[in-house]
Amino acid sequence: MRQVPVTNVRDFARFKQEHRKISIVTAYDAWSAHLVERSNVDAILVGDSAAMVMHGHRTTVPATLAMMAMHTAAVARVAGNKFVIADLPFLSYRNGVSSAIRAVGTLMRSGAHAVKLEGVDGHEDVIRQIVGSGVPVMGHVGLTPQSVNEFGGFRVQGREADDAEKIARQAHALEELGCFSLVLECIPAPLGARITRELTIPTIGIGAGPCTDGQVLVLQDLWGVAGDHAPRFVRRYIDGESMLTDALDRYDADVKGGRFPSAAESYS
Ligand code: KIV
């Protein structure tokens, strides 16, 4: 049965109050956003993971504002009623408030309903100003991929007690700054549960255990088209890579065997 999805920012708070889980997937282009639009999934994140998934980079660091604006616009054109959140790319919110506000304006004019940014320390004023400008902000703590060079790789964060306390403190700070929700990435499940319990805004987990208020997954991971290596937190719902390459091989065989196109696929 088709359920009523999240359609605006206020639904996030309501879903938490009603103990209803929130589902989010990434999308970067119109054809995949169109499929998400036809599903029950609540919202779309135009993640800066686009730099890796769509552009073949090894990290999200090379994502640019122009790249994110292009992907956001493609998604927003077909997203229908889905709530669209766009990632502010690496350093775009670390160069002063006015530069950050210009970046936010670019993403919002591209069709986003909200922006997401990573971390909090050192850009509290920027977050305050974005929220105060009427733009919903989603926070992101734990494994914040834009800091991969500081972390020394894509590693679980918050295993040590002082690191866990730091992540919890950042989560509270983001709530106090007015974020409407918070991504918790790659942290131990008990820490994900604790932060979810302590905050009034919904937490959206990715590798943060089962107790968060919602989950987000990269669409290509979920569809099994993201290559052989998948992090532990990924669940592949289909083996998309086999299905799609099989279709290509059948097409190739039909072309080479003279079976495509048929008379019905030709004009008289
Ligand atoms: O860019 C992205 O896809 C993300 C999710 C992993 C949360 O930030």
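None of the values given here were measured: they were computed from a predicted structure.

### Observations concerning helix α4 (residues 65–78)
Logical step 1: End to end, α4 covers 21 Å across 14 residues, agreeing with the expected 20 Å (1.5 Å per residue, within 8%).
Logical step 2: Within α4 the residues assigned to the buried category are M67, M68, A69, H71, T72, A73, A74 and V75.
Logical step 3: Positive phi appears at G80, one or two residues downstream of α4, with a value of about 55 degrees.

### Points about the site of the ligand
Logical step 1: Neighbouring the ligand are the residues T26, L45, G47, D48, S49, D87, K116, H140, V183, E185, I206 and V216.
Logical step 2: Take S49: an N or O atom from its side chain is 2.5 Å from an oxygen atom of the ligand.
Logical step 3: Here the ligand loses 95% of its free accessible area of 260 Å² to cover by the protein chains.

### With respect to the side chain of D29
Logical step 1: Here D29 is to be found in the loop between β1 (22–26) and α2 (30–37).
Logical step 2: Notably, D29 is buried but unbridged: the nearest opposite-charge side chain belongs to R77, and the N-O separation is 10 Å.
Logical step 3: Polar contacts involving the side chain of D29 include one to the main-chain amide nitrogen of W31, which spans 3.3 Å.
Logical step 4: A polar contact is formed between the side chain of D29 and the side chain of S32, at a distance of 2.7 Å.
Logical step 5: In this structure, D29 is in contact with M54, A74 and V75, ignoring residues within four places of it in sequence.

### As for a nonpolar patch on the surface
Logical step 1: There is a patch of nonpolar side chains on the surface, built from I238, M243 and L244 and spanning about 290 Å² of accessible area.
Logical step 2: Mapped onto the elements, L244 comes out in helix α11 (residues 240–256).

### Observations concerning the pattern of salt bridges
As a working rule, side chains carrying opposite charge can pair if their charged atoms are close by.
Logical step 1: Enumeration according to the criterion identifies twelve salt bridges in this entry.
Logical step 2: One salt bridge in this structure joins R128 and D125, with 2.8 Å as the shortest N-O distance. With R128 and D125 both in helix α6 (residues 124–132), this residue pair falls three residues apart, about one helical turn.
Logical step 3: According to the relative accessible area criterion, R128 is partly exposed, its value standing at 47%.
Logical step 4: Here E165 ties to R194 by a salt bridge, and the two come within 2.9 Å at their closest N and O atoms. With E165 in helix α8 (residues 161–176) and R194 in helix α9 (residues 189–198), this pair connects stretches of sequence that are 29 residues apart.

### Topic: unusual backbone geometry
Logical step 1: Geometrically, the link from F260 to P261 is a cis peptide bond, its omega value of 5 degrees lying close to zero.
Logical step 2: Checked against the element boundaries, P261 lands in the segment after α11.
Logical step 3: Positive phi values are uncommon outside glycine, yet L91 reaches one of about 70 degrees.
Logical step 4: Structurally, L91 can be placed in the loop between β3 (83–87) and α5 (97–109).
Logical step 5: With a relative accessible area of 49%, L91 lands in the partly exposed category.

About the cut-offs
Residues numbered from 1 in each chain as written. Predicted model: local features only at pLDDT ≥ 70, side-chain atom pairs only at ≥ 80, totals over all residues. Heavy atoms only, no water. Helix = DSSP H or I, 4+ residues; strand = E, 2+ residues; numbered from the N terminus. Expected span 1.5 Å × (residues − 1). Buried < 20%, exposed > 50% of the residue type's maximum accessible area, 1.4 Å probe, protein only. Near = heavy atom within 4 Å. Polar contact = N/O pair within 3.5 Å; in protein donor to acceptor, adjacent residues only side chain to side chain. Areas by Shrake-Rupley, 256 points an atom, 1.4 Å probe, with all protein chains shown as cover. Lys, Arg positive; Asp, Glu negative; His and termini not counted. Salt bridge = Lys/Arg side-chain N within 4 Å of Asp/Glu carboxyl O. Contact = heavy atoms within 4.5 Å. Patch = residues over 30% accessible without salt bridge, like charges linked within 9 Å, V, L, I, M, F, W, Y side chains within 5 Å.

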